[in-house]
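# Survey of secondary and tertiary structure
Here is what each chain is made of, one letter per residue.
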Amino acid sequence: MMLYTCDYSGCAVKNCEDNGLLPCLEGNTFQDCEHIKVVNIESNSETDDEQNYEYEEDDTDFKSIISSRNLIKFENIKFFGLENEPSIATLIGLPNSGKTSLLTSMLYMLRMDNEQNLNFMGSSTLNAWSNLISLTLYAYGNTPRHPERTIDKPNTQYLHLLINKDDKPYDLLLGDTAGEIFSGIVENNDIESQEYERIKKWVSETKTLLICLDSSDYYTEDIWISKENHMIFIDRLAEIIADFNPEVSIVFIQTKYDKVDENHENFQYHQEVNDYFIEKFSRNLIGIAKTISITAKQGVPPEDIDKILSLCLINTPLLEVHSQEDMDKNILNEVTSIHQHLKEWI
Amino acid sequence: MINNLLIIGEPATGKSNFLRMLAYNWSLKSSPVIQTKTPSKLLSQDVLQGYIIDRTQEAYKNVQWRLRYQGKEIEIELPEYNGEEFLELAQTNEWKQEWLERIQECKGIILVISSDKDNVYDLARPAESQVETKNNEKSEDDKSLNHDLDYIAFFQQLFYIKKISRKSKKKLPLVIVMNFWDKILKEKLEISPEQKLKSAMPWFYEFINTNWHKDFLNIYGISPLGDHAEQLFVKSKYPKNPTKKALEAKERFVKDLKSQSWVVTNDKPKEKIENLSLPITWLFEKVGS
Ligand SMILES: Nc1nc2c(ncn2[C@@H]2O[C@H](COP(=O)(O)OP(=O)(O)OP(=O)(O)O)[C@@H](O)[C@H]2O)c(=O)[nH]1
Ligand SMILES: Nc1nc2c(ncn2[C@@H]2O[C@H](COP(=O)(O)OP(=O)(O)OP(=O)(O)O)[C@@H](O)[C@H]2O)c(=O)[nH]1
Ligand SMILES: [Mg+2]
Ligand SMILES: [Mg+2]
């Protein structure tokens, strides 16, 4: 293909090509214009040197985890911990206590102004978040938009967030439990039961438990979620924690706090349950929060939720890394080779 | 050293027309950008005749566009793949070898996004200030939200391939152009390109802002075809008898190459700057610095 130039000073066009359709502003076509000169001949030679970007097996594993889009299994969390321990936090609470709403609020909160200066930097579970967002948006319509009831699954799986706080990046893995497993152990304290096994696994894997108690007008004597059943829930949970993860940190979350004002009749019951909770878990308690989820108060940055996330992040401080040697020590053996290969990226 | 740049964008975001207009502008004698090797595609005359370019059909064919700007050698990889390919990339982790290479080599990115994109319904904003288009029904083909996250997935994958730490502030020059800004001005919308991006793709916007070093990110509104864009036609649809409208469009178009296209910045989103190269020269200056 020929490239031409125009030597007529009155014309604005400099370069054009010989395909009969010159962008000539003087004449209407190539033939009409006499000021055209050839300047170069476009070569068609392919200068591409065939480089190979082969990915090693280890890479593929690592890659499929880090750039995965779906929920992350517990055994794969180690991939996020190549340099710093990732934070793991798990939402716990009776059915309908607002766990999934809280999880959704956490994600939205990262986009809104917040006191803790948290920002959304990425996620390796984008599809899972996407499902959660669209479920919350469209599931049952009008505000508050209800998430669907969380279904218990045979394996613990986590959502991932890369959070930027004060210009430092943190990995956070979040577990959402199905409330039904807790009602299971309240009704029937059977350590052989599937529910018990499940709770045991969630509790022992995590570093921070976010325990949710509903603040709406619930704790009457006669309905299922009575004061007594809440006490039983707290007792059973305390036993499991003592047996399987006695050092776990606990954040006590009073959810649906917008409902507290309406909650006159049974407020004393709540008070009693809350006091009981605080007494029971005082050893592990690192924070108390009162939350209103984004589904209930759209457009308002959910209060305290940034504080909860901050507690989860800071609860697992960044490891001190002074030298390459230190760094190597910190890296789990099984993933050392991957780390070597991918340290720029991590 | 040659600096490779990549242009990406969804289908029908106006990439081909944008590039064509750039090529014309850079053919002007006064142009600070010099074309040292121009693919023939970019110089055909149809746009200057008052037509627009139709959607790109063929797959990528490795067409390079060599440029020189302030002593820098620059090469733009043409997006002469159709935009669907970008979406495919954004939705899967299995990237073809040629894409891996392209991503590895690129030193800067031009991302073209349509300003026509609907604003998403966003729980982070008060309900009164927005319209709910989907009527609370989640349909299978509702991809608007997913698209937003797909862009994030695309860039995360890109970081991985380029071995850019996902935790660092990115210094890979990125310019986002909100295309068809002529429509925004016509509708008299009081919005900046950055705000438009934020309301159409809130998650992606947050992601970009948190990840990028601010000196290496810029967002513009552009209108390559200019104010008469809406009156232009695809040539193949009028092969023999250009309609009167098309002829009129040509009248307005060809005579005014330099001021045809314009750009707006976030500070003054209504002030047309008659320099389509602005976003690109900004990128040229960042690349390799
Ligand atoms: N008013 C109000 N309602 C809330 C709030 N948070 C959650 N809800 C509502 O409480 C109900 C239960 O919320 P979920 O988040 O699904 O509760 P969950 O604990 O995940 O329930 P399971 O998955 O069954 O264990 C839904 O109808 C929510 O809309 C809140 O802060 N205020
Ligand atoms: N209003 C307006 N519309 C434009 C402008 N540029 C392009 N368009 C419209 O956008 C359509 C798509 O433009 P193309 O340049 O083919 O888009 P593309 O991104 O190359 O599309 P694919 O090749 O399919 O990926 C055109 O047919 C025009 O109708 C512009 O500056 N303003
Ligand atoms: Mg739930
Ligand atoms: Mg095209």
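Thresholds, definitions, all that
Residues numbered from 1 in each chain as written. Chains lettered and ligands numbered in written order. Predicted model: local features only at pLDDT ≥ 70, side-chain atom pairs only at ≥ 80, totals over all residues. Heavy atoms only, no water. Pairing = 2+ DSSP bridges. Helix = DSSP H or I, 4+ residues; strand = E, 2+ residues; numbered from the N terminus. Axes fitted to C-alpha atoms, helices over the stretch in contact; angles between N-to-C directions. Disulfide = S-S within 2.5 Å. Buried < 20%, exposed > 50% of the residue type's maximum accessible area, 1.4 Å probe, protein only. Phe/Tyr/Trp six-rings, centres within 6.5 Å; stacked < 30°, edge-to-face > 60°. pLDDT = per-residue confidence, 0-100. Contact = heavy atoms within 4.5 Å. Core = buried A, V, L, I, M, F, W, Y, C linked by side-chain atoms within 4.5 Å. Donors = N, O, S within 2.8 Å, 3.2 Å for Na, K, Ca; no water. Parallel < 35°, antiparallel > 145°, perpendicular 65-115°, else oblique. Nonpolar A, V, L, I, M, F, W, Y, C, P; charged D, E, K, R; others polar. Near = heavy atom within 4 Å. Polar contact = N/O pair within 3.5 Å; in protein donor to acceptor, adjacent residues only side chain to side chain. Areas by Shrake-Rupley, 256 points an atom, 1.4 Å probe, with all protein chains shown as cover.

Our next topic: the sheet that holds strand E7 (residues 174-179) of chain B. Residues and elements named next belong to chain B. Strand order in this open sheet of 8 strands is E2-E4-E5-E1-E6-E7-E8-E10, and the pairing throughout is mixed. Strands with a single pairing partner mark the edges of an open sheet, and in this sheet they are strand E2 (34-37) and strand E10 (262-264). Across the sheet, the axes of successive neighbouring strands diverge by a mean angle of 30°, strand direction being ignored. Two elements, strand E1 (residues 2-9) and strand E5 (residues 72-77), share 5 bridges in a ladder whose sense is parallel. By the bridge assignment for E5, Ile2 is matched with Glu73.

This brings us to the state of the cysteines. Residues and elements named next belong to chain A. Using the criterion set out here, one finds 0 disulfides over all chains in the structure. This cysteine, Cys212, is not joined by any disulfide, and Cys312 carries the nearest cysteine sulfur, 11 Å off. Cys312 gets classed as buried once you look at its relative accessible area, which sits at 1%.

On to the packing of aromatic side chains, then. Within this structure, the stated rule accounts for 19 aromatic pairs over all chains. Pairing Tyr158 of chain A with Trp202 of chain A gives two aromatic rings, centres 5.4 Å apart and planes at 70°, and the pair type is edge-to-face. Here Tyr158 of chain A is found in strand E7 (residues 157-165), whereas its partner Trp202 of chain A is found in helix H5 (residues 194-205), with 44 residues between them in sequence. Accessibility assignment for this pair places Tyr158 of chain A and Trp202 of chain A in one class, buried. In this structure an aromatic cluster arises from ring pairing among Phe86, Trp95, Tyr151, Phe154, Phe155, Phe159, Phe204, Phe207 and Trp212 of chain B.

Residue and element names in this part refer to chain B. With 78% of its residues at a pLDDT of at least 70, chain B reaches an overall mean of 83. Confidence, expressed as mean pLDDT per element, reaches its minimum in chain B at helix H8 (residues 244-254) with 60 and its maximum at E7 with 98. Note on residues 135-144: pLDDT under 50 across the span, and 12 contacts to partners over four residues away in sequence or across chains. Overall fold confidence for the complex sits at a pTM of 0.84, while the interface term, ipTM, reaches 0.88.

Among the nonpolar cores identified, the biggest contains 84 residues, and Leu111, Phe154, Phe155, Ile176 and Phe204 of chain B are the most heavily contacted of them. Among the elements that make up this core, the one with the highest residue count is helix H4 (residues 144-162) of chain B (10 residues). Counting 35 residues, the second largest nonpolar core, distinct from the first, contains Ile225, Phe233, Ile234 and Val248 of chain A.

Moving on, we get to the coordination of the magnesium ion (ligand 3). Donor atoms from the polypeptide that coordinate the magnesium ion (ligand 3) comprise Thr100 of chain A (OG1) and Thr150 of chain A (OG1), at 1.9 Å from the metal. A residue pair is termed long-range when its members are at least 10 positions apart, and Thr100 of chain A in helix H2 (residues 99-109) and Thr150 of chain A in the loop between helix H3 (126-138) and E7 qualify at 50 residues.

Another point: unusual backbone geometry. The phi angle at Asn117 of chain A is positive, at roughly 60°, despite the residue not being glycine. By the element assignment, Asn117 of chain A lies in the loop between H2 and strand E6 (118-122). Judged by relative accessible area, which is 44%, Asn117 of chain A ranks as partly exposed. Phi at Ala12 of chain B takes a positive value of approximately 55°, unusual for a residue other than glycine. Relative to the elements of secondary structure, Ala12 of chain B occurs in the loop between E1 and helix H1 (15-25).

Our next topic: the packing of H2 of chain A against helix H8 (residues 305-314) of chain A. Residue and element names in this part refer to chain A. Where H2 contacts H8, the axes come no closer than 10 Å and their chain directions differ by 90°. When the interaxial angle is binned, H2 and H8 end up roughly perpendicular. Of the residues in H8, those in contact with Leu102, Ser105, Met106 and Met109 of H2 are Ile305, Asp306, Ile308 and Leu309. Residue classes in the contact of H2 with H8 are distributed as 6 nonpolar, 1 polar and 1 charged.

Residues and elements named next belong to chain A. Around ligand 1 sit 21 residues in total, of which Lys99, Ser101, His146, Gly179 and Ser293 are the nearest. With respect to ligand 1, the side chain of Lys99 contributes an N or O atom lying 2.7 Å from an oxygen atom. Between an oxygen atom of ligand 1 and a main-chain N or O atom of Gly179, the distance comes to 2.7 Å. Relative to its free-state accessible area of 650 Å², ligand 1 is covered by the protein chains to the extent of 93%. Grouping the constituent residues of the shell around ligand 1 by class yields 6 nonpolar, 9 polar and 6 charged.

Attention shifts here to the pairing of strand E8 (residues 168-176) of chain A. Residue and element names in this part refer to chain A. Most of E8 sits out of view: 8 of its 9 residues are buried. Bridging between strand E5 (residues 87-93) and E8 involves 5 bridges; their strand directions are parallel. Counted as the bridge partner of Ala89 is Leu174 from E8. With 8 bridges connecting them, E7 and E8 associate as antiparallel partners. Residue Leu159 lies in a different strand from E8, and its bridge partner there is Leu174. If you look at the hairpin formed by E7 and E8, you'll find 2 residues sitting between the two strands, and Asp166 has a positive phi there, around 45°.

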